[in-house]
Each structure stands twice: as structure tokens, then as C-alpha cells.
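What follows is the residue order along each chain.
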Amino acid sequence: MARRPRPLTAAGLAAGGLVSALVLGSLAAVASRAQIGPGAGLGPGDWGAVRFTLWQAAVSAAVSVALAVPVARALARRRFPGRGLLVTLLGAPFILPVIVAILGLLMVFGRAGWVNDALAFAGLPAVSIYGWHGVILANVFFNLPLATRLILQGWLSIPAERFRLAASLGLDRRRAFRLIEAPMLREVLPGSALVIFLICTTSFAVALTLGGGPRATTIELAIYQAFRFDFDLSRAALLALLQLGVTALAGTLALTVAVPDAMGAGLGRPLVRWDRGPVWGDGLAICLAALFLLAPLAALLLRGGPALAGLPASVWVAAGRSTAVALGSALLCLGLGLAIAVAAQRMGGRRARGVELAGMLGLAASPLVLGTGLFIMLYPFVRPDRLALPVTALVNATMALPFALRALVPAVARIERDYGRLADSLGLRGLARLRRLLLPRLARPLGFAGGLAAALSMGDLGVIALFADAQSATLPLQLYRLMGAYRMDEAAGAAVLLLGLSLLAFWIFDRGGRVDADA
Amino acid sequence: MLTLERVAILLEDFALAADLSVAEGARVAVIGPSGAGKSTLLAAIGGFAPISDGRLLWRGAAIGHLPPARRPVATIFQDNNLFPHLTVAANVGLGLAPNARLGAEDRARVAETLASVGLGGLGARKPGSLSGGQQSRVALARAALQDRPVMLLDEPFAALGPALKVEMIDLVIRLADDRGATLLMVTHDPGDARQLGGETILVAEGRARPPVPTTQLLENPPDVLRNYLG
Amino acid sequence: MRQTQTPKTPARASFRHGVAGLMVIAAGLMAAQHAAAQDRPVLDVYTYDSFVTEWGPGPAMEQAFESTCDCDLRFTAMGDGAALLARLELEGARTDADVVLGLDTNLMAEARETGLLSPSGVSGIDWTLPVDWQDDIFVPYDWGYFAFVHRTDFDAPENFRALAEGDASIVIQDPRSSTPGLGLLLWVKQAYGDEAPAIWESLSDNIVTVTPGWSEAYNLFLEGEADMVLSYTTSPAYHLIAEDDAGFAAARFEEGHYLQVEVAAAVASSDTPGLAQDFLSFLVSDAAQSILPTTNWMYPAVMPEAGLPDGFGTLIDPGKALLVPPEESPQATRKALSEWLAALGR
């Protein structure tokens, strides 16, 4: 059999090791500084936080997926001008910085927002965005696009021939759905829901502002409290461990349920069908989804746009810094992701799962624990604030890595399946194999993953708040500073800038991956 | 001499036995019913299917443990013979130096080989812009540059029209003769085997039989082949 | 067989360039932070984030102090006072900090207990604080009252009971993550004692949401999400002075208002203890005190010669200042927090 090229596998193991060391090491570092005193351990409030975390994640996942089905179905079978643009734009919320998204959501759904203005005009009672339903609304706003993407991919993966066969057999729409689409949904929905569940278990900032009060305490908030209020490192470490456990459990499940790989796949092709049914249903689904997802962005543009020109220089400098961090984070994320994906493909079986799971740890990590742990680890050697930006790039790369892996692992497997024999027979190996086979054929998922990592990093406040000094603020931090200095108009302007940069970063990477993508 | 000495190939729900030799420079068709293991036989020789028992020898030396690229073998598969993201010249160049950059001399050899298969001047194109026949020629050009003493062809021309296929097999014969290469070609068409004009290995009922002259086999086919040919 | 060579390919080279580029960027960033004067002594001041921004007191103070000290004043910013204390505890005696600036009365006891701070050497100051001040370690530099801020066209309640019984909506901050939030917790506790849980329960339908920090809450208020927001009595002065907008007021509560005194202290492990004490003295000097009102939007701890800026005269006078004594603060906080969680957590 073919001898397996070694250096790339080693690189993947090293990448997996680095991420585990980062996530688990920082946790251990925090635990090592803990003083176990009376009152150590978890209280009833903490278990309440666990329950609320799981509950809101489960509801958010279910609602996101349920709403995504009609939207994905409509997008799968309709062709209209601007469809491509709409699919791209609908992806915007997922890469939106939380603070920016919440500002936008408030302008639409808040007490003085558009929806309540309209309700008041119609003489109807107002709705409140605060409380658990606010948390879920925000989570659905963030994750509906992802769910739609995942399910749309499922629809597009159904061979057109099956619909042709159904049409030639004269199956009505209900029968066709049961025979063709229902099995696909049964396969795709659980995995999609799990991915979103995972993302929502670590949602922190959402619950903080929209939660309405201590009822909506998530594990991440409990960690925050342990650090900030009690300075109780042992409890923080325990809670972080708990969060890791919960997420790891769900993550292991997700790996076994076979998650659909919509990441980076082309969604441009509408399905050719002969049984499309009435237009109004699909039109309604698409319009409502577009309205729900795009109205907050539009509100934000209207609110912050005018302040854009008058932003102080420091905001632009921070924007430059954020861009550099985002770029570094994206490259790091791609490097780690590629190494892990290649190693996982080469090793196969249980060991592949292991290294892939190591890469997924970022999903379960608490940014606060990660940051503090890194601080404790770095402090003996270097003043951590001098490393603020590189550390932020590294942590952001780790956080984006799970998404990169979802795009890269299946793509590497597909390439090796299609071209592995040819490459083996030619003796193409090591770096040459990477350069001549993998990199060119991975351009699309690499572009997508890089864009995602850059955009997520751009908007993440994350650990920079723990490390930054006056001279190294990123754009999200500068946005908070503007708010903290009563400058809400300028903050809205900075939010628009942040939104623009996040989308631009994603677009540039994603575009870059599509250039010259022949055959 | 390429020898399969009491070779057994065991896959999950499939087994194939082979005990045969092919002379150097021979042109051998591999024929048999669908699913009998024609491709598996080639995969075992090429290094893509594990040999569970027995020995694979080339000129008396065991090669069964070597990775594909280190066997004296060049393979042309049923599909995915070219990297679609590389130019025609780069694809052919992989036959010379898969892991290094081509020098001026190498590039000249690539151009020359392309011209010899009738693709002069097309080196800068991507495979996607070529016809099916042209793509086959690119793969053959690369195999020619690999310059291995054994060429394995796994039905690479199945999708081509009859006239084009005849042309391709002529090209294969020419390339193999120029280099004195041993040729094994899987086909389901007895006409291909006749055109190849050498011997034929019949793969059927879990066994690859030793090669016999093609005309003799086709004139007096065993039952299993008769059923297959209809 | 052909030997595997290590090719100098464009892809690999550009990867190398990428890595090198990143390192250059990182090194540049670090160098920029080192670029401060090499020979002069460096005074490291740990403070909270809003102090060091271009709108905060930091830049003007740095300039004023450096013009007299022949030193390099270097600010390092954490999120807020509590994060500042957490950082000090994490770093312990090996900390680079010479001065911590931005703790408050609620954090003093815990900060004192770390044993990391040293006497200030500041004495004989004529404080303009609403309470007596005697402390050998902590130097107060500004202070303010917490209050609910509203627009002037809103008819604000005059005490917590009226607020709870009425239908005014408020945005408050989480006491677990915010200084004003904690202030409100102790405000209600100090004013109502054992009745505090009942007050919180009846307030729960007035609370629109509980935000993690002051910024989010104040933003929600300005966007029209609530009638009132928990802030400071000085907040209307910002709108008046910086925005020329007289449309904001703080509601005066009959129970009195909770007081926050912000303090600084010298770090015992400082390598420039003299300079640290000089800075603390500078902090209560006229030069520093006259900067604070319109940058930190708080009352100065020592009245500047020029008096308070115009606009501060329009602010409400709470009459009665409420304050849990610093040494009792940790226990009082813990009890009040569990009551708060119980009342609102249901």
C-alpha cells in the first residue's frame, strides 16, 4: 500500500495539539491558581445556569431549523434575479459582531423600534424583545442563515433525475415530498440542529443584554461572574469544565450524526423541478426571511451611516488594527484547519476523529477562561499586553477553527477520493501534493473558511478586553469605548464600519476562493 | 516478466485469485464479465488493492510491498486521470517530476511528447477545455513520459466513440512499442482485444486465467466467455 | 527513482513571506509600545478602560504629570475597577504596576486584603467629599452619586416605592458585572434594609432589562427603550456641556443617593515608590482635579481653584449620601446579591 507522507500528518497532529493545549491548558492554568476554600463547588444558581443554557440552545436550534425549512425549499426551487445576491446577503447575520447585531435588532424589535411603532399605529399592544424570547429571537437571527444554508445544501444534493422520475411517474407534490425530500430532511435536520445547538450553548453576549435579568443566566455569564465579581478561580474553572463537557457531549453526537457539509459548497444552482407548486408560498417565505434578516441591518445603516464620515481618527486606526488581526487570524485558522483536515484524512478511523475533535474544542471554550488562562501562562515570560494583538488573533483563530474544519475535512476527503490514486501513482507527495493537488482544489472551502474566520475575528471583542492597553484597541473595543464615553452616535457609526469591514473581509476571501475555479 | 505467483486478493465481499505470468513487451487484454475483478487485478498490480497472499514479481524481484509510485508501473484509470486545475503541460510534466519544478529541458520534452500524441500547442490549456479524446491523449502523453516498463489501462476509452477508440488503441500500441513496454488493458469489447493483437487474460468466476493468444481464445471461447459475449 | 527535492516554489515562498510578514507586524506592534523614552523612569499606572481613551482624563493627565516628573507615565487599561483588581490579584507581587487607579469604595476592603498596596503618603488634604475621609492607603480622586437619569419631559418618581408602584420603565446594570449595578444593589439595601427584597420584587415589572455594563444600558435608554436608566447625577452635565442639550435630568430620590468614591493607591512592589507617591499627590492637585469633571464626568475630590465647570450647578443635590462602610462592603454585597438574585431570578 501507499506509504503515507509523514510531515503533513505531523503538522496536523501539532495543530490539534496546539488547540488542545490552548483550550485545556488555559483551563488548567486557571484551575492551578484557584484556592479551594469553603464555598468552592457549584451552587444551585450554577445548575440553573446550565439548565437555562441548554434550554435556550435547544429552543433556538429547533426554531431556527423549523423556520429554515420553508426558506431553503423556496430558495432551492426558485430562480429569480438577485437570487445569488440574496443568498449571500442572508448569510450576513452569521458573521455579524454580536454588539452590532443587537443594536440592529433593537432598532427593529425594541420598545421604540419599527415593529412596535407599526403595532402602535395599528392600535395593537407592544411586544417586548427582552427576556428569554429576546435571547431566542437573537439566536434565531444569528443562526437562521446557517440553518438555511445547511438545509439548502441538502436540497441541492438531491439529484435532479429523481425529480424528473417523480414527474414522469406523475407523483403529486405530497407523494414526491414523502419519497424524495422527507428522507433528505431526516438526514440533514438533526445534524443542522445540533450545530446550531452547539453554537447557542456558548452564546454569551446575547443573553447578557437581551436576557432581561438574572433569570437568563447562561454558563458563560456564570463564569464571568465568578471571575469578575467573586474572583473565584476555582469556580470559574469548574464552570468552564462543565461548559466544555456539555459542548463536547453535543459535539461528539454531532460527529456521529453526520453533519451536512454546506460550508463552502456552491449554492448557486437552483434545482430544476417539475412540481414547483404555487409561487406565493415560496415568495412569502423568501420575503419574510429577507425582511427578518435584513431589516436590522438596514436600521443600523440608517442610524449609523450619517456618523460614518465624522468618526474620530482613533476609530479608523482601531479598524486598521482589527483588519490586521482578522487577517492574521484567518491565515492561522486556515493553517491549523488545513493541517488537521489533511491529518484526519490520512489517519482515518478513531485517530482521525480524535484530531478533528481536538480542533473542534474551540467551540466549547470560554473566551474569558481562554484569555485568563493564557494570561496566567504568559505572564511569567512576557507582559501579556505586549502580545495583545497576536494573542487575540490566535484565540480568534481557535474559535473559528470548528467552522473551518466543517468546510475543509469533507473537501479534503473528496479530493483524496477522486484524485488520491492518481497522485499516488505519480508519486506526488508531501509539499508538492499540498501545492499541486490540495491547495488548488481546496480554493473554495479555503476562501470560505478564511472569510468566516476573518469576519468572526473582526467582530469579536473576546480576549482583547483582557489584554489591551490604551494603544492596542480593536474596533469592537473602540466601539465600546465610544459608548462608554456617552458617544452613542459615533458608536453607531463605528458599528456600521464594523459591519462593513466584517462583510468585506468575508466577501474578499470568499471571492478569492472562487477565482479561477474551473472544473 | 511480470509474475503473479499464487496471488489472492481479498476485499470485503470479493475474492480474486491469480497465478500467471506476462512476458515483457507483451500486449495483453483483460476481459471478462462485469464485476468479475478486471479492475481489481490491475489495482493489485498498480498498488491500489492489497495482496493478501502470494507474491507479485517483476523481473524476479518482489514489488508487492512498494507504494504505487515506486512500482515499475504507469496506470491510466477509468476517470479522473488529469488534475482539472493544472494545465495540460503541467499534467504531463507530473510524469517527469511530480515533486519538483520542471527545467527548460523538461519543458521541451513535455512539448515534444504532446506533439507526438497530436496535441502540439495545447500545453497551456486546462483539461476542461479539451474533448474526451484529447484528454485521453494527455493522459497517454504523461504515461509515456513516466517511462515505466509496464502500462496498465483500466478501460480509459470506454466513453469514446468507436472510431476514436480505434485511434486511441493504435496510439497506445505505438507508445508501448516505442518503449518496449508491457501493456495490460482492461476492456469489455472483444474488438479491442483483437486490435491489441496479443494475448488475453480472462477474468471470471473469481479467477484470472493465464494469458492465451487472443485469436485462439475468441475463436474457441470457454463457456463463461461465450455467455458473456452472447 | 527521482530524489524528492525541496523546491523553492512560489507557493511556499509566499507562505514564508506571509509568516515573516506576520512576525514583522507583531514585532512592529511591540516595538511601538516600547518606543517610549528609554532613559527616563517609567511609571506604570493600571486603570480602567474609559480613563485612558481620548475622551477620558488619561491623555491630559499624562501630559500634565510628565511635564513635572521627568518620567514616562504609562497607562495599562482593564475593563473596569473590578477587572483592575482581578488583574492585580492575578499578577500578585510580580506586577509591573506602580499605581492602581480606579478602584472604588466597594473594592477597597478586598484590595487592602491582598497586601499588595502601600501607604500613599498623602495627608492634610481638604477633601470636598460628602463623607469624612481617613485612609492611609487609598487616595480618593473623584466621586459621584448614582441616580436614575431621564429626559426632562418625563415625570420621574421621587422614591423607590413610587417607582415600583408606577409604570415607569428602567434599564439597570447587573451588579455582578457593573459598578453602577452594584451601587444600585447597595443603594436599595442601605435605604430599605430587610425590606430590600420586597422592593426588588415590586421593581421587577419596571425593569426592561439588566445589561452587563453601563454603556449598553445608557445606549438602550438613549434609543428610547426605557424611561429611565441607572447612571450618575452628573450624566445630565455631559449632555449640557458636551452636546449643549438641556433635555436630561437625574431623578432626586427622597431616600438619599448612593455614593461612589473612586480611589487610587500605590503598589508596594513598585520599583519607583517615590514616583508613585508623587503621582498620588499630583492626582489631588489642582492640575489633575480640574481635568476630571469634564473628562470623567464626576465630582472632583478636591475643589479646583476655578470651581466646578458651568453646568454642574444645574445638577441635583441628593441631600443625603448613602454609603456602606468599605470594610463592611464585601459581606453586605454578598447578602444583597443573593437577595437580588432570589427576587429577580424567579
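Model, not experiment: these values are computed from the prediction. Along each chain, residue indices are assigned from 1 in the same order as the chain's sequence is written. Each chain takes a letter, starting from A, and each ligand takes a number, starting from 1, following the order in which they are written. Restriction of local features to residues with pLDDT of at least 70 applies here, the model being predicted, together with a cutoff of 80 or more for giving and counting side-chain atom pairs; totals for whole chains, interfaces and linings are based on all residues. Side-chain numbers here rest on the full set of heavy atoms in the structure, without hydrogens or water.

Enquirer: I'd love a proper account of the state of the cysteines, names of residues and values included.
Expert: Residues and elements named next belong to chain C. Cysteine sulfurs are considered disulfide-paired once they come within 2.5 Å of each other. Applying the stated criterion across every chain yields a total of one disulfide over all chains. Across a sulfur-sulfur distance of 2.0 Å, Cys-69 and Cys-71 are joined as a disulfide pair. As the torsion about the S-S bond is roughly -85°, the Cys-69-Cys-71 disulfide counts as left-handed. Cys-69 gets classed as buried once you look at its relative accessible area, which sits at 17%. Burial here depends on accessible area, computed with a 1.4 Å probe over protein chains only, as a share of the maximum for the residue type. Under 20% is buried, over 50% is exposed, and the range in between is partly exposed.

Enquirer: So what's going on with the interface of chain B and chain A? Which residues, and what values?
Expert: Here, two residues are considered to be in contact whenever any of their heavy atoms come within 4.5 Å of each other. Contacts between chain B and chain A engage 27 residues on the former and 22 residues on the latter. Approximately 2,300 Å² of surface area, both sides summed, lies buried where chain B meets chain A, with 59% of it carried by carbon and sulfur atoms. Each reported salt bridge corresponds to a side-chain nitrogen of Lys or Arg within 4 Å of a carboxyl oxygen of Asp or Glu. At the boundary of chain B with chain A, the tally comes to zero salt bridges. Any pair of nitrogen or oxygen atoms within 3.5 Å is treated as a polar contact; in protein, a donor-acceptor pairing is required on top of that, and neighbouring residues in sequence qualify only through side-chain atoms on both sides. Our enumeration of links across chain B and chain A arrives at four residue pairs in polar contact (both at pLDDT 80 or more). Put simply, Ala, Val, Leu, Ile, Met, Phe, Trp, Tyr, Cys and Pro go in the nonpolar bin, Asp, Glu, Lys and Arg in the charged bin, and everything else, Gly too, in the polar bin. When its residues are assigned to classes, the side of chain B that touches chain A shows 16 nonpolar, seven polar and four charged. By buried area we mean how much accessible surface two parts lose on assembly, using a 1.4 Å probe and totalling the loss over both.

Enquirer: How would you sum up the environment of Phe-177 of chain A? Please name residues and give values.
Expert: Relative to the helices and strands, Phe-177 of chain A is located in helix 8 (residues 173-201). Residues in contact with Phe-177 of chain A, not counting those within four places in the same chain, are Arg-73, Ala-182, Pro-183 and Leu-185 of chain A. Helix and strand definitions here come from DSSP, where helices need a minimum of 4 consecutive H or I residues and strands a minimum of 2 consecutive E residues; each element is numbered from the N-terminal end.

Enquirer: Before we move on, can you summarise the confidence of the model for chain C with the specific residues and values?
Expert: Residues and elements named next belong to chain C. A residue's pLDDT is simply how confident the predictor is in it, with values from 0 to 100. Per-chain confidence: chain C averages 84 in pLDDT, with 89% of residues scoring 70 or above. Contacts from residues 1-37, a stretch scored under 50 in pLDDT, to residues over four places away or in other chains number 28 contacts. The ipTM, which scores confidence in the relative placement of chains, is 0.83 for this predicted complex, and the corresponding pTM is 0.81.

Enquirer: Give me the confidence of the model for chain A: which residues, what numbers.
Expert: Detailed reading of predicted coordinates is not advised where the pLDDT is low. All names here are of chain A. Averaged over every residue, the pLDDT of chain A is 79; residues scoring 70 or more account for 87%. When pLDDT is averaged over each element of chain A, helix 13 (residues 313-347) comes out on top at 88 and helix 19 (residues 464-467) at the bottom at 66. Counted against residues more than four places away or in other chains, residues 1-5, with its pLDDT under 50, gives 14 contacts. Residue range residues 262-266 is modelled with pLDDT below 50. Its contacts to residues more than four positions away, or to other chains, number 17 contacts.

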